[in-house]
Structures are given as C-alpha cells and as structure tokens.
Amino acid sequence: MDINQVAQLLNDTLSPDVNAVRTATDALDRLSLLPHFPFCLLYIASGGENQGLRIAAAMYLKNLTRRNIDSNASCTNISKEFKDQLMRVLLQAEPSVLKVLLEAFRVIVGVEFVKQNSWPELVHELQSAIQSSYLISKDANSGWTTVNGLMVLHALIKPFQYFLNPKLAKEPVPPQLELIAKEIIVPMLSIFHCFVEKVLANNYSTELDTEKILLIVCKCIFFSVKSHLPFALIPHLSSFCHDLIMILGSLSFDDGNTVKDNLLRFKTGKRGLLIFSALVTRHRKFSDKLMPDIMNSVLQIVKYSANISKLDFLQERIISLAFDVISHVLETGPGWRLVSPHFSVLLDKAIFPAFVLNEKDISEWEEDADEYIRKNLPSELEEISGWREDLFTARKSAINLLGVISVSKGPPMGTPSNCSSVSSKRKKGEKSKRNSMRSTMGELLVLPFLSRFPIPCDANASHSRIQKDYFGVLMAYGGLQEFLREQKSEFTANLVRSRVLPLYSVSVCLPYLVASANWILGELVSCLPEDISADVYSSLLKALQMLDKGDTSCYPVRASAAGAIVGLLENDYMPPEWYPLLQVIVGRIGYEDEENSILFELLSSVVGAANENVADHIPYIVSSLVAAISKHMHPSSEPWPQVVERGFAALALMAQYWENFLHEEVELDQSSGKWESGQAAIAKAFSALLQQAWLTHIQPLECEVSAPPSCIDDSSMLLRSIILSVSERNVIEELKLSELLLVWADLIGDWHAWEETEDLSVFDCIKEIVNLHSKYELKNFIVRQMPPPPAPPVPPQSIIEGIGAFLSEAILQYPSATWRACSCVHTLLHVPKYSFETEGVKQSLTISFSRAAFSRFRAIQSKPSSLWKPVVLAISSCYLCYPAVVEGILKKDEDGGFALWGSALAFLCSSSLEPRLSLESEIKLAVLNLKGLSA
C-alpha cells in the first residue's frame with residue numbers, strides 16, 4: 001500500500017472543498033478494508049510531515065477501531081503485530097497525537113484485556129517501557145517517554161474504577177488489576193516518593209514533566225482504589241498517603257495567582273483528596289490507622305474557607321473536598337472519636353466562615369442573580385432555585401458537613417457514682433435506649449453557637465457585619481434540615497418564629513437575607529405545625545412581591561419565595577384567601593423572562609391545590625394572563641417566546657379546571673348566569689388570543705394560511721373551550737370561530753411534532769367541532785369556498801380535510817393515540833351530513849383512512865388483538881361508507897388483505913367489544929360481520 005497516497009487523502013480530508021473531502025473520505029473507506037491500512041495510519045501518525053496530518057491519521061485510526069470493534073464484541077481480530085506497533089507509537093507520540101491514539105487503545109483494551117483477559121504480555125511490556133523511560137532510568141538515549149508510558153497506564157487502568165459485575169454482592173479484585181498493581185504501580189511508588197521529595201525541595205521551580213508524573217500516578221491509584229483495592233497496594237498505603245499529605249501541605253491558599261504558577265500541583269492535591277475519600281468510605285478496614293493523619297491534613301486546609309471569595313476555583317474545590325473527607329471520616333466507625341475534639345474549632349474557624357456573606361457573593365448576585373441562587377441556595381422544591389450538581393463549592397460541602405455533625409450524638413451520659421455494680425449489668429436493649437437518649441451535637445453545640453449572632457432588626461440593620469454574619473446563620477440552618485426534622489414540631493416552630501420570621505418585618509433589609517430565609521422556610525415546611533403555617537405563608541407572600549432595589553436584583557427573593565409557597569401547598573396548607581396570591585402571580589408574569597417559568601409553575605400549583613376555591617377567579621386570571629401573553633406574542637416568530645408557550649399551557653390547564661367545575665355545578669343543578677358570564681368572558685379572551693396568534697398576519701387574498709405550529713395541544717384546549725361556550729349561531733361570528741378553525745385544521749394537518757401522551761386535546765377538540773357543525777353547519781367545514789381572483793381557482797383545504805390529514809398521520813405514526821384517532825375516524829365519516837356535492841370529500845377521507853388503518857394493521861397484526869382492534873374497526877367504519885372502494889384498496893394487498901381484515905373483524909366481533917367506539921358503530925359492525933363477510 002502506498003503510504004504517500006494515504007497521506008495525500010488524509011490531507012484532502014482537511015480541505016475546505018466539500019467535494020474534495022467527500023472524495024477523499026470515500027477513497028479512505030475503500031482502502032480501510034485492506035489489511036495493511038491501519039499500519040499506514042500508525043506510520044503517518046508517528047512520522048507525518050506536519051501535526052495536522054499526524055492528528056488526522058490518528059483520528060481516522062480511532063474511528064476505524066471503533067467501527068471494527070464493538071464494545072460488546074466477544075472477540076477481536078487485532079493482530080499482535082499491530083498491537084506491538086501501536087504501543088511503540090504511543091510511547092513516543094507527541095501529546096496532541098497521543099491523546100487521540102489513546103482513544104483507540106482504550107477500545108482495544110476494553111475488549112481484549114478487560115473482558116477477555118487475552119493480552120497477557122501487555123502489562124509486562126508496559127512495565128518494562130516505563131522503567132526504561134528517560135525520566136526513570138535517567139538514560140538520555142531512551143526512546144520511551146515517561147509521561148507517555150504513564151498515560152498508557154492511565155488508559156489501561158481506567159476501566160477498573162468501576163465494578164465489572166455489579167450484580168455480585170462482593171466482587172473480587174479483577175486479576176488484571178491485581179497484576180497491574182503488582183507489576184507497575186507498586187514499583188512506581190518508591191519513584192513517586194523520590195519525585196515528591198524533589199518537587200517539595202525545589203518548591204515551584206520543578207520541571208513540568210515531574211509534576212505531570214505525580215498527577216498521572218495519583219489518577220492511576222485513584223482508579224485502583226475507587227471501587228476495588230488490590231492486595232499488592234495494601235502494604236504501601238501508609239507511605240503513599242503520607243506523600244499525599246506532604247503534597248497537600250505544600251499548597252498555598254493565600255494568593256490565587258499561585259494556582260496559575262503550578263496548576264498541576266493543585267490538580268494532584270485534588271486527586272489526593274479524592275483518594276482519601278475513596279479509602280475512608282470503601283476500604284475502612286485498611287484506612288482506620290491512616291485517619292488521624294488524614295484528619296490533621298484536611299483540618300489545616302478547611303481553615304482557609306474564610307478566604308474563599310479571594311481564591312481560585314481549583315483552590316476552593318480543594319477546600320470543598322477537604323470538607324467532604326471530614327464528613328466521610330465522621331460517618332465511619334472511629335470517625336466520631338477523631339472528629340469530635342475538633343467540632344468547636346471546625347464550626348468557628350472553618351464551617352461558619354464558609355457561610356458568611358462576602359463581596360464575591362454580592363457581585364455574583366448583581367451580575368447574574370439566576371446563577372447565584374442556583375449556586376448558593378440548594379432546594380429540592382424548585383428546579384430553577386435548586387443547587388446545580390456540577391458546581392462543587394466549599395459552601396455546599398460545609399453545609400453537608402454541618403448536617404452530619406448536627407445529627408451526631410454527644411458524649412455518653414455519665415453513670416452516677418452511687419449505682420451498684422449489679423445495676424450496671426444491663427441488657428443490650430437498655431444500652432441502645434441510653435444511646436438514643438443522648439443529646440445531639442445540634443443541640444449541644446451548633447444551635448448555641450448560632451444563637452450568639454444577633455438577628456438583624458431596624459436598630460442594627462445598617463451594620464454590615466451583622467447582616468453578613470446572619471447570612472451565614474441562615475446558611476447553617478439550611479444544613480440542619482435532617483436534625484430539625486428529628487425534633488418535635490414545636491421546637492422547629494420556635495426556631496422559625498424567633499430566628500427567621502422577624503427578618504420579614506425589618507424595614508431596611510438586604511434581599512440576600514430574605515432569599516436565604518425563603519429557602520429555609522421552603523426546606524422546613526414539612527416539619528412545621530399548622531399554627532405557624534399562616535405566618536410563614538404571610539411572610540412568603542410579602543417576599544414574592546419584593547421589587548428590585550436599585551441595581552440589586554430581587555429575583556432570587558421572588559424565586560425562592562415561589563418555591564417555598566409550592567412546598568406549603570404540597571403540604572396541604574390552604575391560604576385564607578386565594579385572590580391576593582393570584583393577583584401577585586399574574587401581575588408579575590411577563591416582566592422578566594427568567595422569572596416567568598417560576599410564576600407559571602406556581603400558578604399551576606395554586607390552581608391545582610385550590611380546586612373549586614379558585615373557580616370564581618378563573619375568568620379574571622384568564623383575562624389578565626391573555627393580556628400579559630399578548631404583549632410578547634409576535635405571530636411571525638417561530639418558535640414562540642417561552643412566556644407565550646408557558647402561558648398557553650397555563651391557560652389550557654385553567655380551561656380544563658373551569659370545564660370540570662362547570663360539570664360539577666350542572667350535576668348539582670347550581671348553574672347560574674354568573675357561570676355563563678364567566679364562560680363567555682373566558683371564550684372571548686381565548687378567541688382574542690388565538691386571533692392574534694393565527695389571523696393577524698393573513699392577507700385578505702391569501703388562499704392558504706400559514707401560522708406557527710407552536711402549542712398545538714394547548715391551543716386545541718383553548719379552541720375547545722371556545723366551542724363549548726357557543727349557545728347560538730351569532731356567537732360563532734362574534735368569536736370568529738370559523739376562521740380560527742380553518743387555521744387550526746391547517747396546522748394539525750401538517751403537524752408532525754408528536755408527543756408521548758395519549759390524551760391529546762386535539763382529539764377532544766375534533767369531536768366538539770363535529771358536534772358544533774351538526775348544530776350550526778359551520779362555514780368551510782366540508783368544502784371550502786373558492787378564493788377570489790387573482791388566486792388560482794383551486795379550493796384550498798377545508799376544515800374536515802385538515803382534520804382527516806391529521807388523523808391519517810396519527811394512525812400511522814402515533815401508536816399510543818390509535819384508539820382516539822380511530823374513534824374520530826368514525827365520528828368524521830358518520831356524524832356530519834354530507835350532501836351530493838360534498839360526497840367526494842367523504843369518499844376521499846374514506847380512502848385516506850382505509851389506507852392508513854390497513855397499513856398500521858399490517859405492521860402490528862402479529863401482536864395482541866387489543867393493539868390492532870381499533871384499526872380493524874376503523875377500516876370497518878370506512879367499509880360502511882363505501883364498501884367497493886375499501887374492498888378495492890384491501891384487495892391490492894398481495895397477501896389477501898380483504899380476507900385478512902375480514903378474518904380479524906370476525907374474531908373481534910365474536911369476542912367482547914370494549915366501549916371505545918360508539919355503540920351504534922359496534923352494532924353495525926356486528927351486523928356487517930353476520931351478513932356480509934361470512935360469505
């Protein structure tokens with residue numbers, strides 16, 4: 001094979017000419033079938049004339065390897081010659097090429113080494129290469145790069161970070177991992193120690209490759225101990241961990257620029273803390289003796305939490321991980337004994353300083369309040385006010401540690417000196433009872449500590465220190481959720497009354513405190529007694545109305561208040577009056593994009609919780625919402641703005657609630673003029689909104705309508721609500737219902753954005769439209785009027801034709817809506833009155849429905865009859881209209897389609913029929929079966 005030819009083709013794939021790239025790619029694909037092609041790629045990747053060509057060869061080899069080796073493959077055809085050459089290239093490649101080739105190496109390793117254990121020489125060859133590399137052997141003439149060798153080791157060991165067979169209760173250490181640890185990692189540890197001493201002696205002037213080696217070795221050991229623990233490593237854990245402790249001790253947290261000076265050292269320190277967490281949580285038996293030294297190391301780190309506003313992200317991440325290590329130690333057997341002597345110092349010098357409001361918090365709030373609340377106010381109530389899982393902050397880890405400390409039991413209670421020796425011999429159950437009576441550290445330490453900080457009030461509101469410290473107090477309360485849930489509800493209520501609710505009555509108060517207080521209340525609503533819920537609700541409603549303070553955004557205040565109110569409603573709290581809350585919500589919608597989603601979600605929660613209590617207010621809500629949505633609606637834009645889409649969803653929900661309420665009133669014979677006027681107001685508002693969405697951009701001479709297909713399902717619910725309000729013919733004209741139906745029918749006729757829900761409002765709307773036409777004979781329903789000149793003399797699609805196109809597509813593409821669609825087929829064919837002039841439309845619909853239903857039936861005929869029953873009955877409905885036409889369609893099937901349908905229908909009619917289609921249809925079909933098909 002000509003290597004120059006392959007190199008030229010790879011160069012062509014980098015060309016800006018699309019045709020040249022396609023031609024070169026096709027040629028490479030043909031050459032890839034030849035056995036020596038991978039060797040050519042390796043040759044070019046290691047010795048191509050420029051870096052772009054070398055990377056292109058490596059990239060093609062990676063993709064070729066992935067194509068040829070399935071991750072689930074039971075065997076491979078990779079020759080030993082190729083694997084040997086790949087290893088040689090990996091050990092010498094430049095970093096950019098190495099990164100790509102390692103991806104190909106991982107694919108091969110995943111099958112041959114991890115799954116099949118069929119590459120026995122790999123470990124020995126890699127061990128030899130690493131030991132003879134130039135930084136370890138000190139041989140300047142060595143052809144192997146130490147960093148490359150360790151990167152290959154990293155790729156080799158990475159798959160073992162997880163259990164290979166999670167179904168096993170206790171999976172043994174894989175023999176491959178044990179071999180790697182014995183042959184490569186253990187010999188490296190002594191070298192690692194020497195390198196640690198070297199970098200610490202030279203501080204930050206060490207060569208870059210040495211720092212890289214330390215980092216890669218730590219990554220490899222982390223993957224070794226994350227799940228398993230090779231036996232070969234156990235004797236060396238102590239010395240290795242002390243090396244890590246020395247590395248952590250060398251890190252500086254005073255100046256963020258230090259990180260830029262030696263980024264690799266900080267990354268190595270971060271990996272060391274991850275190793276400590278893995279050892280403490282997964283391998284306690286072998287790490288108990290190491291815990292005191294680990295604790296002393298991380299305690300020195302977390303004390304820098306007071307500086308987090310001035311630190312680099314990586315420095316803060318290390319402090320965060322140090323807090324996590326302490327939490328893991330505290331949760332182990334000997335952990336309490338190790339950590340408890342440091343509780344007071346931890347709380348005072350590390351945990352609480354991480355909570356205190358700082359200038360970084362204020363600047364982040366002012367720059368992006370949305371991001372700030374997601375980063376600093378964790379909450380499960382509201383997605384937008386939840387804590388992003390990808391942000392690892394010292395504050396988050398400190399909150400978690402405080403929670404672990406607060407539920408820890410205090411010191412054992414002393415035994416009175418006058419107790420007899422006999423009384424000290426107690427049963428095991430009594431010992432457990434005594435332990436459960438011990439006070440927690442939340443009672444003994446945390447709450448007393450927090451009570452030292454005065455709550456902001458009008459007298460001291462101007463003191464910046466008081467407000468910043470109390471922000472920390474509120475953060476701390478947030479970490480006590482588990483502890484507070486274990487207390488009596490009166491205990492938590494007293495804490496809320498005395499230390500949280502007074503914040504809402506301060507005339508001059510920073511919004512940072514109110515937002516945090518909202519978060520606390522939202523987290524604690526489930527453990528508050530009923531007698532305080534009204535005060536909590538009143539405070540949250542006040543916060544929901546807080547306006548921005550100059551340049552300071554109060555969005556986090558309103559967002560967290562909304563989340564807390566949702567929590568109250570979900571815990572069955574019923575406000576004494578719903579109207580003020582609804583006024584606040586609807587009044588704020590439309591002002592700020594990021595806030596609208598929260599308000600709409602809160603509105604849905606309110607409507608769902610209030611049920612009939614909100615019915616009186618729905619006409620007002622609908623009218624106000626339509627006004628707010630209309631300001632943001634631009635019919636030519638697609639997709640619609642989020643506020644419009646969420647607005648339509650909220651209106652559809654309220655339309656459903658209003659309909660349900662009216663049905664209940666009718667059943668109770670309590671309907672009156674008030675409800676009729678309310679329905680009229682709702683229909684008028686819905687019609688105005690849909691006219692703005694669909695009709696404002698249609699020119700008088702246009703024969704086709706073209707509106708954005710946004711919110712079809714919700715729009716259908718609004719349209720259905722308008723139809724239900726029609727009590728006489730003139731209402732149809734007033735609400736421009738015929739025009740709206742034309743646009744709607746065109747939209748659904750060309751709609752393909754199916755969603756996985758069976759109860760699409762479109763189907764309900766179809767039946768109401770047919771019923772309305774039966775009463776009042778809608779214009780353009782069956783045949784659309786001819787457009788005036790100069791438009792072509794071709795009648796555009798009518799309402800029923802648009803609906804028919806939708807139903808045919810639904811039957812073919814939307815299995816979960818099959819029953820609904822087939823039921824509508826019967827409704828469209830048998831309910832409207834077709835005249836002689838409109839018979840062609842009925843026949844056209846019959847043909848379309850028959851073809852779609854039979855195509856769907858053929859696709860599912862081997863499945864249970866419950867799945868194909870609706871399409872068989874839909875074909876029968878078509879057959880009742882035009883027997884000869886349907887018979888001709890079915891007989892075109894080469895496998896006897898007509899007889900196949902008849903057999904299926906006979907089977908269904910002989911079994912119990914579900915009441916999905918109308919009773920009239922079922923009877924007719926049964927008669928059809930008896931009289932016709934049997935012949």
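Structure: above.
Calculation rules
- Within every chain, residues take consecutive numbers counted from 1 along the sequence as written.
- Only residues with pLDDT of 70 or above have their local features reported here, since the model is predicted, and side-chain atom pairs are shown and tallied only from 80 upward, although totals for entire chains, interfaces and linings are computed over all residues.
- Think of the side-chain values as coming from all heavy atoms in the structure, minus any hydrogens and water.
- Runs of H or I in DSSP of at least four residues are treated as helices and runs of E of at least two as strands, each being numbered from the N terminus.
- Relative accessible area decides the class of each residue, using a 1.4 Å probe on protein chains only: under 20% of the type maximum gives buried, over 50% gives exposed, and in between gives partly exposed.
- We call two residues in contact whenever any of their non-hydrogen atoms come within 4.5 Å of each other.
- Each accessible area value is a Shrake-Rupley result obtained with a 1.4 Å probe; residue values ignore everything except the protein chains displayed when judging cover.
- The pairing test for Phe, Tyr and Trp rings, Trp by its six-membered ring, is centres within 6.5 Å, and the orientation test on the planes gives stacked under 30 degrees, edge-to-face over 60, and tilted for anything in between.
- Placement of a charge over a ring requires the Lys NZ or Arg CZ to be within 6 Å of the ring centre, with the centre-to-atom vector within 35 degrees of the ring normal.
- Only the contacting stretch of a helix is used when fitting its axis, a line to C-alpha atoms as for every element, and angles between N-to-C directions run 0 to 180 degrees.
- Should an angle fall under 35 degrees it is taken as roughly parallel, and over 145 as roughly antiparallel, whereas 65 to 115 is taken as roughly perpendicular and any remaining angle as oblique.
- Just so you know the grouping, Ala, Val, Leu, Ile, Met, Phe, Trp, Tyr, Cys and Pro go in nonpolar, Asp, Glu, Lys and Arg go in charged, and all remaining residues, Gly too, go in polar.
- To qualify as a nonpolar core, a set must consist of buried Ala, Val, Leu, Ile, Met, Phe, Trp, Tyr and Cys residues joined through side-chain atoms within 4.5 Å.
- Here the expected length of a helix is defined as 1.5 Å per residue gap, with one fewer gap than residues.

Undergrad: So what's going on with the overall build of the chain? Which residues, and what values?
TA: Each helix and strand in the chain was counted, giving 46 helices and zero strands. By residue count, 55% of the 935 residues in the chain fall in the buried class. Intrachain contacts of the chain at a sequence separation of at least 6 include 74% that bridge at least 24 residues. For the chain, the exposed surface amounts to about 42,100 Å²; the carbon and sulfur share of it is 52%.

Undergrad: How would you summarise the packing of aromatic side chains if you had to cite specific residues and measurements?
TA: Summed over the entire model, instances satisfying the criterion amount to 23 aromatic pairs. Consider the rings of Phe 222 and Phe 223, whose centres lie 5.9 Å apart with planes at 45°: the pair is tilted. Each member of the pair, Phe 222 as well as Phe 223, is classed as buried. Each ring, one from Phe 763 and one from Phe 806, has its centre 5.4 Å from the other, and the planes form 50°; the classification is tilted. Highlighted residues: Phe 763 in helix α39 (residues 761-776) and Phe 806 in helix α40 (residues 799-813), separated in sequence by 43 residues. The exposure class of Phe 806 is buried, given its relative accessible area of 0%. Feature note: the residues Phe 854, Phe 857, Trp 868 and Phe 907 constitute an aromatic cluster, connected by ring pairs. Of note, Lys 83 hangs over the ring of Trp 119, and the distance from its end group to the ring centre comes to 4.7 Å. Directly above the aromatic system of Phe 898 lies the positively charged group of Lys 891, at a separation of 5.6 Å from the ring centroid.

Undergrad: Pulling in residues and values, what's your account of the packing of helix α1 (residues 3-12) against helix α3 (residues 37-47)?
TA: Here α1 crosses α3 at 70°, and the two axes come no closer than 10 Å. Taken together, the axes of α1 and α3 are roughly perpendicular relative to one another. Facing Ile 3, Val 6, Ala 7 and Leu 10 of α1, the residues of α3 in contact are Phe 37, Cys 40, Leu 41, Tyr 43 and Ile 44. Residue composition of the contact of α1 with α3, by class: nine nonpolar, no polar and no charged.

Undergrad: With reference to specific residues and values, describe the nonpolar core.
TA: Phe 105, Trp 744 and Leu 807 are the most contacted members of the largest nonpolar core, which totals 322 residues. At 13 residues, helix α10 (residues 175-201) tops the list of elements feeding residues into this core. In contact with Leu 807, not counting residues within four places along its chain, are Phe 763, Ile 766, Ala 821, Cys 824, Val 825, Leu 828 and Phe 849.

Undergrad: Lay out helix α33 (residues 618-630) in plain terms, naming residues and giving numbers.
TA: An ideal rise of 1.5 Å per residue puts 18 Å on 13 residues; α33 measures up with 18 Å between its terminal C-alpha atoms. Where α33 is concerned, the buried positions are Ile 618, Pro 619, Ile 621, Val 622, Leu 625, Val 626, Ala 628 and Ile 629.

Undergrad: With reference to specific residues and values, describe the environment of Leu 314.
TA: Among the secondary structure elements, Leu 314 is positioned in helix α17 (residues 313-330). Sequence-wise, Leu 314 and Val 259 are 55 residues apart; in three dimensions their C-alpha atoms are separated by 7.7 Å. Among residues more than four places away in sequence, those in contact with Leu 314 are Val 259, Leu 263, Phe 266, Lys 267 and Lys 270.

Undergrad: An account of unusual backbone geometry is needed here, citing residue identities and associated values.
TA: Even without a glycine there, the phi angle at Lys 736 is positive, about 50°. On the accessibility criterion, Lys 736 (36% relative accessible area) is partly exposed. Positive phi, normally seen in glycine, also occurs at Asn 780, with a value near 60°. Within the secondary structure, Asn 780 is located in the loop between α39 and α40. A relative accessible area of 13% means that Asn 780 is categorised as buried.

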